[in-house]
Amino acid sequence: MTLQPDNIILTHGCMEALQLALRAVTRHGDAVGLESPTYFNLLPLLASLGLKAVEIPTDPQTGLSIDAVEVLLAEQRIQALVAMPNVHNPLGCCMPLDNKKRLAKLVNQYQVPLIEDALYAELQFADTLAPAVKAFDADGWVIVCASYTKTLAPDFRIGWMEGGRFDAALRKLKFASSVAQPAVLAETLGAFLESGGYDHHLRTLKRRYAAHVEKVRGLIARHFPAGTRATQPQGGFLIWLELPEGCDSVALFHAAMAEKISLIPGPLSSPGGRYRNAMRLSCCYPLDERYLTALVRVGQLACEQQEQARRHGREING
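For clarity, every value in this text was computed on a predicted model and none was experimentally measured.

(A) Spotlight on the overall build of the chain. For the chain, the count of helices and strands is nine helices and twelve strands. In terms of its C-alpha atoms, the chain occupies a principal-axis envelope of roughly 70 × 50 × 35 Å. With 318 residues in all, the chain has 48% of them scored as buried. Contacts in the chain between residues at least 24 apart in sequence constitute 71% of all its contacts with a sequence separation of at least 6. Within the chain, the 32 negative side-chain charges are centred at a point lying 2 Å from the centre of the 32 positive side-chain charges.

(B) Spatial organisation of the packing of aromatic side chains. A full pass over the atoms with the stated rule returns seven aromatic pairs. Judged by centre distance (5.5 Å) and plane angle (65 degrees), the rings of Tyr120 and Phe237 are edge-to-face. Taken together, the residues Tyr120 in the loop between strand S6 (114–117) and strand S7 (142–147) and Phe237 in the loop between strand S9 (229–230) and strand S10 (238–242) connect sequence positions 117 residues apart. Overall, the relative accessible area of 4% leaves Tyr120 in the buried class.

(C) Geometry of the pattern of salt bridges. All told, the structure shown has 14 salt bridges when counted by the stated rule. Here Glu70 and Arg102 are joined by a salt bridge, their closest N and O atoms 2.7 Å apart. Remark: Arg102 occurs in helix H4 (residues 97–110) and Glu70 occurs in helix H3 (residues 66–74); sequence separation between them is 32 residues. Judged by its relative accessible area of 30%, Glu70 is partly exposed. A salt bridge links Arg297 to Glu259, with the shortest nitrogen-to-oxygen separation between them at 2.9 Å. With a gap of 38 residues between them, Arg297 in helix H9 (residues 289–317) and Glu259 in the loop between helix H8 (249–257) and strand S11 (264–265) connect regions that are remote in the sequence. Overall, Glu259 belongs to the partly exposed group, its relative accessible area being 36%. Connected through salt bridges with shared partners, the residues Asp67, Glu70 and Arg102 form a single ionic network.

(D) Main features of the side chain of Thr149. Looking at the secondary structure, you find Thr149 in the loop between S7 and strand S8 (158–162). Judged by relative accessible area, Thr149 falls into the buried class, the value being 10%. Contact partners of Thr149, with chain neighbours within four places excluded, come to Leu119, Pro154, Arg157 and Ile158.

(E) Local environment of the sheet that holds strand S5 (residues 80–83). Spatially, S1-S8-S7-S6-S5-S2-S3-S4 is the arrangement adopted by the eight strands of the open sheet, whose pairing is mixed. Of all strands in the sheet, those with a lone pairing partner are strand S1 (8–12) and strand S4 (63–64), marking the two edges. Here two bridges tie strand S3 (residues 52–59) to S4, and the two strands are oriented antiparallel to one another. Bridging from a neighbouring strand, Asp59 pairs with Gly63 of S4. Across the sheet, helix H5 (residues 167–178) touches S1, S7 and S8, and the angle it forms with S1 is around 30 degrees.

(F) Fine view of the state of the cysteines. One pass over the structure, following the stated rule, counts zero disulfides. Of all cysteine sulfurs in the structure, the one in Cys94 sits closest to Cys93, which takes part in no disulfide; the separation is 7.0 Å. By relative accessible area, Cys93 is classed as buried at 2%.

(G) Representation of helix H1 (residues 13–25). For H1, spanning 13 residues, the distance from its first C-alpha to its last is 19 Å, which sits close to the expected 18 Å at 1.5 Å a residue. Taken as a whole, H1 has its buried residues at Gly13, Cys14, Glu16, Ala17, Leu18, Leu20, Ala21, Leu22 and Val25.

(H) Seen up close, the packing of H3 against H4. In contact at an axis separation of 11 Å, H3 and H4 are set at 5 degrees when each is read in the N-to-C sense. The angle between H3 and H4 falls in the class roughly parallel. Taken together, the residues of H4 that come into contact with H3 (itself represented by Ile66, Asp67, Val69, Glu70, Leu73 and Ala74) are Asn99, Arg102, Leu103, Leu106, Val107 and Tyr110.

Reading the values: rules and limits
- Residues numbered from 1 in each chain as written.
- Predicted model: local features only at pLDDT ≥ 70, side-chain atom pairs only at ≥ 80, totals over all residues.
- Heavy atoms only, no water.
- Helix = DSSP H or I, 4+ residues; strand = E, 2+ residues; numbered from the N terminus.
- Buried < 20%, exposed > 50% of the residue type's maximum accessible area, 1.4 Å probe, protein only.
- Contact = heavy atoms within 4.5 Å.
- Lys, Arg positive; Asp, Glu negative; His and termini not counted.
- Charge placed at Lys NZ, Arg CZ, Asp CG, Glu CD.
- Phe/Tyr/Trp six-rings, centres within 6.5 Å; stacked < 30°, edge-to-face > 60°.
- Salt bridge = Lys/Arg side-chain N within 4 Å of Asp/Glu carboxyl O.
- Pairing = 2+ DSSP bridges.
- Axes fitted to C-alpha atoms, helices over the stretch in contact; angles between N-to-C directions.
- Disulfide = S-S within 2.5 Å.
- Expected span 1.5 Å × (residues − 1).
- Parallel < 35°, antiparallel > 145°, perpendicular 65-115°, else oblique.

Set out below in structure tokens:
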């Protein structure tokens with residue numbers, strides 16, 4: 001997408017950008033469309049603002065269902081929409097180009113704001129980055145939010161947003177919320193961007209994450225129960241798993257935590273508590289012995305859980 005520098009608002013990470021965007025375009029009690037599954041931290045964010053979440057089907061390969069979005073917009077059932085068209089969290093997929101164009105056209109036609117979360121967009125594995133929905137925004141109904149926390153410096157907490165027709169309202173909210181970002185950090189990051197160092201760093205990072213994802217998917221195939229399905233991300237470092245019958249990701253979470261292993265159970269990614277058989281894994285860490293041992297152990301716990309469910313089923317039927 002092509003943006004003008006004067007239209008960029010710096011924020012405290014992407015979460016503040018998302019919060020400001022929601023505050024600018026909604027009122028208490030409004031309904032907001034969310035992908036399902038979605039980024040788990042959006043759910044408490046919406047709740048804190050008094051907003052209702054409406055789950056929209058999202059495909060692991062093509063992303064948000066545009067047909068479902070069109071129905072919701074036509075029936076005036078949502079007042080805003082939050083989506084991750086490029087490198088979705090947690091599915092890792094990128095929306096096809098035609099779908100992005102159609103989505104941009106729909107939100108402009110129905111004048112319902114789309115908050116485009118582009119946090120992972122620069123981590124696409126392809127050499128040429130797919131465009132954002134914002135690239136096709138005709139009348140400013142798309143607010144794009146991003147950050148350098150996932151690509152460069154997490155502790156800087158430097159995010160940014162471009163608010164389209166909501167620019168003035170967003171600037172007022174930003175000032176009331178946190179005034180401004182630390183200038184020394186912003187200038188340091190700016191110098192790195194201008195030097196070309198960021199582009200080189202990003203290429204290296206994407207190669208590393210692509211290798212991590214492939215290695216972890218191989219370990220999942222070997223050590224998790226037969227029938228486990230893992231996404232093939234188009235970028236980033238997240239893998240979404242769907243476990244076979246007999247597995248429960250919430251129970252698995254507690255069993256793993258007892259051994260000091262952390263994972264994200266599927267129901268956290270759904271307002272309705274769906275995806276009890278699913279979980280999110282992160283591959284951004286060094287694939288050292290500690291990480292790999294933990295991953296294999298989670299697979300073993302899932303296998304044990306499935307076997308216990310089979311035994312219980314035999315006892316009931318026997």
